[in-house]
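Observations on chain architecture
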Amino acid sequence: MNMSGVPVRANHQIEIEGMTCASCVARVEKAIARVPGVAMASVNLATERADVAFSGAPDVPAVIDAIRKAGYDVGEKIIELDIEGMTCASCVGRVEKALKAVPGVTSASVNLATERATVRVADGSSNASRLAEAVKAAGYTASEVKADRTEEGEPDRREAELRSLKITLAIAAVLTIPVFVLEMGSHLIPAIHMFVMEKIGMQESWYLQFALTTLVLFGPGLRFFEKGIPALVRLSPDMNSLVVLGTTAAWGFSVIATFAPRLLPGGTANVYYEAAAVIVTLILLGRFLEAKAKGRTSEAIKRLLGLQAKSARVLRNGETIDVSLQQVVTGDEILVRPGEKVPVDGVVTEGSSYVDESMITGEPVPVAKIGGSEVVGGTVNKNGSFSFRATKVGSDTLIAQIIRMVEEAQADKLPVQAMVDKVTNWFVPAVMLAAAATFIVWLIFGPDPALSFALVNAVAVLIIACPCAMGLATPTSIMVGTGRAAEIGVLFRRGDALQTLRDAEVIAVDKTGTLTLGKPTLAHFRPAEGFSRNETLSLVASLEARSEHPIAEAIVEAAKRENLPLAPGENFEAEPGFGVAGMVAGRKVEVGADRFMMRLGYSVAGFADDAERLGREGQSPLYAAIDGRLAAIITVADPIKPTTPEAIATLHALGLKVAMITGDNRRTAEAIAHRLGIDEVVAEVVPDGKVEAIKRLSSNGQRVAFVGDGINDAPALAVADVGLAIGTGTDVAIESADVVLMSGDLRGVANAIALSKATIRNIGQNLFWAFGYNAALIPVAAGVLYPVNGVLLSPVLAAGAMALSSVFVLTNALRLRRFRPPLQDRQDNAFAGMQIAAE
């Protein structure tokens with residue numbers, strides 16, 4: 001207890017970052033102490049840790065929020081757990097509640113489709129085993145997800161579950177068919193009725209049905225009892241509990257009617273063995289189809305895992321040995337032969353080859369690799385051999401990061417899921433109350449035999465309710481949508497970006513590297529009359545080879561591409577802002593702006609028409625003079641990507657406004673915007689200026705998505721409603737973004753938006769079905785139509801409808817696998833070269 005006599009809960013330890021002195025300690029302690037429910041707080045500067053005790057229910061997230069508001073940070077880690085035993089949305093809520101109750105947990109998100117929990121924990125507070133214990137106490141099984149995985153090393157629990165369900169379903173079906181034929185056949189087919197009465201006998205038929213149904217319930221159906229009864233004992237019923245109550249009620253009533261009919265009111269001694277047996281069999285069928293469909297929703301991850309090599313040929317102690325991928329360490333020298341996959345990321349040290357990198361870039365043409373070239377794990381070596389030094393292994397490789405991005409996006413919850421969670425928290429208890437109310441109403445007001453009517457309708461209500469469909473509606477669509485996105489080269493780093501991107505109204509884009517190639521190239525070279533193009537370009541490039549200016553590099557690169565000879569330059573002189581001059585092969589060469597030519601006494605009037613046209617296009621011309629005569633007009637520009645005009649046109653067709661934000665001069669920016677039909681231009685801005693531009697674009701309530709690729713784009717990517725990074729850009733830009741376009745192609749923006757719209761539309765369909773199904777059929781099962789037209793819903797039909805409800809949601813989500821992007825990449829998708837496109 002504390003000094004006031006209030007009981008104090010056990011201490012929670014929270015690691016704090018950024019404290020430097022005793023004043024920091026006092027500030028943090030004061031901030032924590034102000035949090036309601038905190039009984040005591042002690043902060044240690046040496047260990048950088050806070051010990052917090054609560055007088056009531058621990059509220060660790062509130063403490064962490066207070067620490068951050070005080071100007072310090074809290075160390076956090078993310079723990080992922082595989083959860084076994086969840087069957088419906090109620091299970092999800094129960095596991096989340098159990099995890100959030102663990103000391104130090106700041107957030108927990110459980111996904112029914114992936115059967116995985118993502119838990120954010122304050123450093124030093126809890127570990128995976130403690131979380132697993134909390135899940136076990138809630139009635140489920142949890143195990144930590146390992147960071148490094150291979151296709152073979154990944155435990156395939158779902159395959160084992162599918163096999164088990166298949167066998168269980170087969171046994172249930174074999175036992176149920178005779179029960180169904182004996183009971184329902186007798187009612188529907190006179191010949192069967194006569195056979196039962198004359199050859200078997202009614203009472204003997206009931207004995208046989210009792211034996212077979214008991215075997216079904218406590219054999220194949222035992223899985224429902226193992227989960228449902230403990231949930232009832234904990235007063236936290238789930239879908240299994242509904243099945244247990246429904247089937248046990250039908251079976252129990254039938255047992256009394258069979259062996260002690262005098263205990264029942266006259267005329268009510270009927271048996272419902274077929275209902276209990278068929279309910280179990282149909283729900284097992286639904287579970288089997290559901291498990292099969294769930295396996296298909298995760299195929300994108302399986303295919304990504306399949307891209308990884310299984311082993312590597314490593315040079316150690318002077319000899320080459322084969323080792324598993326997990327044994328490769330940074331710095332290892334690895335040999336790759338023709339046709340093999342590159343095991344990990346690295347840099348070529350010896351040899352040369354061409355490597356198929358279509359899985360990353362979408363480019364069908366293999367890329368040449370020589371000494372110093374970077375190679376990516378999972379890509380395929382074509383016709384040569386080379387050695388490379390491993391620079392990134394395990395979870396640091398690009399393919400591992402891609403897998404992690406997709407899995408994190410699949411584990412995220414969309415804002416719409418919050419509403420679903422609130423409903424499912426009370427859904428199962430509400431269904432049980434509805435079933436109880438149905439039983440009482442029919443027992444009191446129903447026609448004779450009232451007890452039979454009350455039992456049948458109450459069981460129908462219990463069985464037809466389907467929280468499974470509500471729990472699967474959103475995560476399955478996210479899972480399939482983000483998986484399909486990865487296959488077309490779009491990586492959603494956050495699942496909620498799917499919903500936000502759908503609502504984007506303005507697409508703001510950086511220019512360099514996004515709209516353009518990001519590398520200056522020779523755009524225009526026209527020699528004056530009397531000068532040979534090749535000779536003039538050769539002389540100019542020979543002079544510029546002495547310069548380190550990007551424009552000079554572009555001119556030299558152009559001459560090399562055309563296989564023109566470069567002679568050594570002499571007496572090289574550079575005058576910043578004007579130009580360069582020197583001697584090449586005994587000839588005087590001068591290159592620079594028009595002001596440089598005018599100062600040298602050369603007239604550029606002969607190129608006036610070219611200069612005016614190039615100026616309108618935003619290009620600033622340079623001039624070359626050879627031996628005292630004006631010889632050529634030159635422009636170097638960053639060319640627009642060939643796919644950019646098509647991408648901009650498609651964004652306009654989607655009803656989006658396109659804005660360009662760039663650090664380039666206004667004249668160049670506006671010329672490019674005019675050519676591409678861009679709606680708004682913000683030019684000559686520094687990185688902070690890009691942030692201000694995005695804030696201004698969004699000031700009238702419009703949602704803004706920003707597309708960039710450089711370090712200077714990172715602040716803008718972070719502040720935008722959705723940040724999209726060109727995958728060929730820098731790591732900083734990619735880490736700041738919500739969506740990564742792997743191919744480096746602006747068309748990916750239109751594809752990402754189209755996929756976002758398709759996924760959210762799919763989620764809407766699933767939710768409409770899940771909620772509409774329950775809202776419409778639970779009252780029907782309760783018998784509301786009976787006074788109108790005499791219609792009642794059999795528990796057997798209710799079981800079939802419930803089983804098919806989840807299957808409908810999963811099947812609808814799987815339609816996203818057939819999504820076709822509006823703008824096809826060169827190979828239809830970024831991973832087509834590796835044959836992982838969805839069929």
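Residues numbered from 1 in each chain as written. Predicted model: local features only at pLDDT ≥ 70, side-chain atom pairs only at ≥ 80, totals over all residues. Heavy atoms only, no water.

1. Considering the overall build of the protein chain
The criterion, for reference: Strands are runs of DSSP state E lasting at least two residues, helices are runs of H or I lasting at least four, and both sets are numbered from the N terminus onward. For every residue, the accessible area (1.4 Å probe, protein chains only) is compared with the maximum for its type, and the residue is labelled buried under 20%, exposed over 50%, or partly exposed between those bounds. In what follows, residue pairs with any heavy atoms lying within 4.5 Å of each other are defined as contacts. With residues, only the protein chains shown are counted as cover, and all accessible areas are computed by Shrake-Rupley using a 1.4 Å probe.
Secondary structure summary: the protein chain contains 30 helices and 30 strands in total. Classification of the 839 residues of the protein chain by burial places 53% in the buried group. Counted over contacts in the protein chain with a minimum sequence separation of 6, partners at least 24 positions apart contribute 70%. Accessible surface computed for the protein chain: about 35,900 Å², of which carbon and sulfur atoms make up 57%.

2. Digging into empty space enclosed by the protein
Applied cut-off: Within this scheme a cavity is a closed region of a 1 Å grid, computed over the protein atoms alone, that accommodates a 1.4 Å probe without allowing it to escape, whereas a pocket is open but has protein on both sides within 12 Å along at least five of seven lines; lining residues each have an atom within 4 Å of a point. Grid points are joined across faces, edges and corners, and a volume is the space filled by probe spheres set on the points.
All chains considered together, the criterion is met by four cavities of 30 Å³ or more. Here the second largest cavity is characterised by a volume of approximately 70 Å³. For the lining of the second largest cavity, the elements supplying multiple residues, two or more each, are helix H9 (239–259), helix H10 (273–297) and helix H30 (795–814). Looking at which element gives the most residues to the lining of the second largest cavity, the answer is H10, with four residues.

3. A closer look at the nonpolar core
For the record, the criterion: By nonpolar core we mean a set of buried residues, namely Ala, Val, Leu, Ile, Met, Phe, Trp, Tyr and Cys, connected to one another through side-chain atoms within 4.5 Å.
Counting 146 residues, the largest nonpolar core has Leu99, Phe492 and Ile507 as its most contacted members. Examining the composition of this core, we find that 16 residues originate from one element, helix H28 (residues 747–782), more than from any other. For Ile507, the contacting residues outside a window of four places in its chain are Leu651, Leu656, Lys657, Val658, Ala659, Ala705, Val707, Val749 and Ile753.

4. What to know about the side chain of Thr476
Looking at the secondary structure, you find Thr476 in helix H16 (residues 467–487). Its relative accessible area of 1% is what places Thr476 among the buried residues.

5. Quick notes on helix H23 (residues 644–653)
For the record, the criterion: Along the arc lie the directions from the helix axis toward the C-beta atoms.
Among all positions in H23, only Thr644, Ala647, Ile648, Thr650 and Leu651 are buried. Angularly, the buried residues of H23 cover 160° about the axis, an arc narrow enough to put them on a single face. In this fold, the buried residues of H23 make contact with strand S19 (506–510), helix H18 (511–515), strand S26 (657–661), helix H24 (666–676) and H28. Gly655 lies just past H23 and shows a positive phi near 85°.

6. So, the sheet that holds strand S2 (residues 38–44)
To be explicit about the condition: At least two bridges found by DSSP between two strands are what make those strands a pair. To obtain an axis, a line is fitted to C-alpha atoms, over the contacting stretch when the element is a helix, and the angle between two such axes runs from 0 to 180 degrees between their N-to-C directions.
As summarised here, the arrangement of the four strands in space is S2-S3-S1-S4, forming an open sheet in which the pairing is antiparallel. Only two strands of the sheet have a single partner each, and these edge strands are S2 and strand S4 (73–74). As paired strands, strand S1 (residues 12–17) and strand S3 (residues 49–54) are joined by four bridges and run antiparallel to one another. Across the sheet, the residue bridging to Gln13 is Asp51, located in S3. Lying over the sheet, helix H1 (residues 22–33) contacts S1, S2 and S3, oriented at roughly 165° with respect to S2. Contacting S1, S2, S3 and S4, helix H2 (residues 60–69) runs over the sheet at an angle of about 25° to S1.

7. A few points about the packing of aromatic side chains
Formally: Any two of the Phe, Tyr and Trp rings considered here, Trp counted by its six-membered ring, make a pair once their centres fall within 6.5 Å; the pair's planes then place it as stacked at under 30 degrees, edge-to-face at over 60, or tilted in between. For a lysine, the NZ atom is tested; for an arginine, the CZ atom; a charge sits over a ring if that atom is within 6 Å of the ring centre and within 35 degrees of the ring normal.
Counted by the stated rule, this structure contains 13 aromatic pairs. Their ring planes at 45° and their centres at 6.2 Å tell us that Phe386 and Phe388 sit as a pair that is tilted. Phe386 sits in the buried class, given a relative accessible area of 2%. Among the aromatic side chains, those forming a connected cluster through ring pairs are Tyr207, Phe210, Phe218, Phe225, Trp251, Phe259 and Tyr273. Above the plane of the ring of Phe578 lies Arg595, whose end atom (NZ or CZ) is 5.6 Å from the centre. When the ring centre of Phe578 is taken as reference, the NZ or CZ atom of Arg599 above it lies at 4.5 Å.

8. Details of the sheet that holds strand S5 (residues 76–84)
Read from one edge to the other, the open sheet built from four strands follows the order S6-S7-S5-S8, with strand pairing classed as antiparallel. The open sheet has two free edges, formed respectively by strand S6 (105–111) and strand S8 (141–144), since each of these has just one partner strand. Averaged over all pairs of adjacent strands, the angle between their axes in this sheet comes to 25°, without regard to strand direction. In this sheet, strand S7 (residues 116–122) lies alongside S6 in antiparallel orientation, the contact comprising six bridges. Across the sheet, Val105 pairs through a bridge with Val121, a residue of S7. Of the strands in this sheet, S5, S6 and S7 are in contact with H2, which crosses S6 at around 125°.

9. Quick word on the UniProt feature "transmembrane region" (unreviewed entry) in the protein chain
What counts, and what does not: UniProt positions are given in the numbering used here, feature names are shortened, and annotations may be inferred rather than shown by experiment.
Under the UniProt annotation, the feature "transmembrane region" (unreviewed entry) is placed at residues 167–186, 206–225, 237–259, 271–289, 423–445, 451–474, 767–786 and 792–814. Measuring from the first to the last C-alpha atom of residues 206–225 gives 24 Å, for a span that is 85% helix and 0% strand. Secondary structure over residues 271–289 splits into 89% helix and 0% strand, and the C-alpha atoms at its two ends are 30 Å apart.

10. Looking at helix H15 (residues 450–464)
Helical geometry: 3.6 residues make up each α-helical turn, so side chains three or four residues apart lie on a common side. Where we set the bar: Each residue after the first adds 1.5 Å to the expected span of a helix.
Taking 1.5 Å of rise per residue, the 15 residues of H15 would be expected to cover 21 Å, and the 21 Å separating its terminal C-alpha atoms lies within 8% of that figure. Extensive coverage of H15 is indicated by the burial of 13 of its 15 residues.

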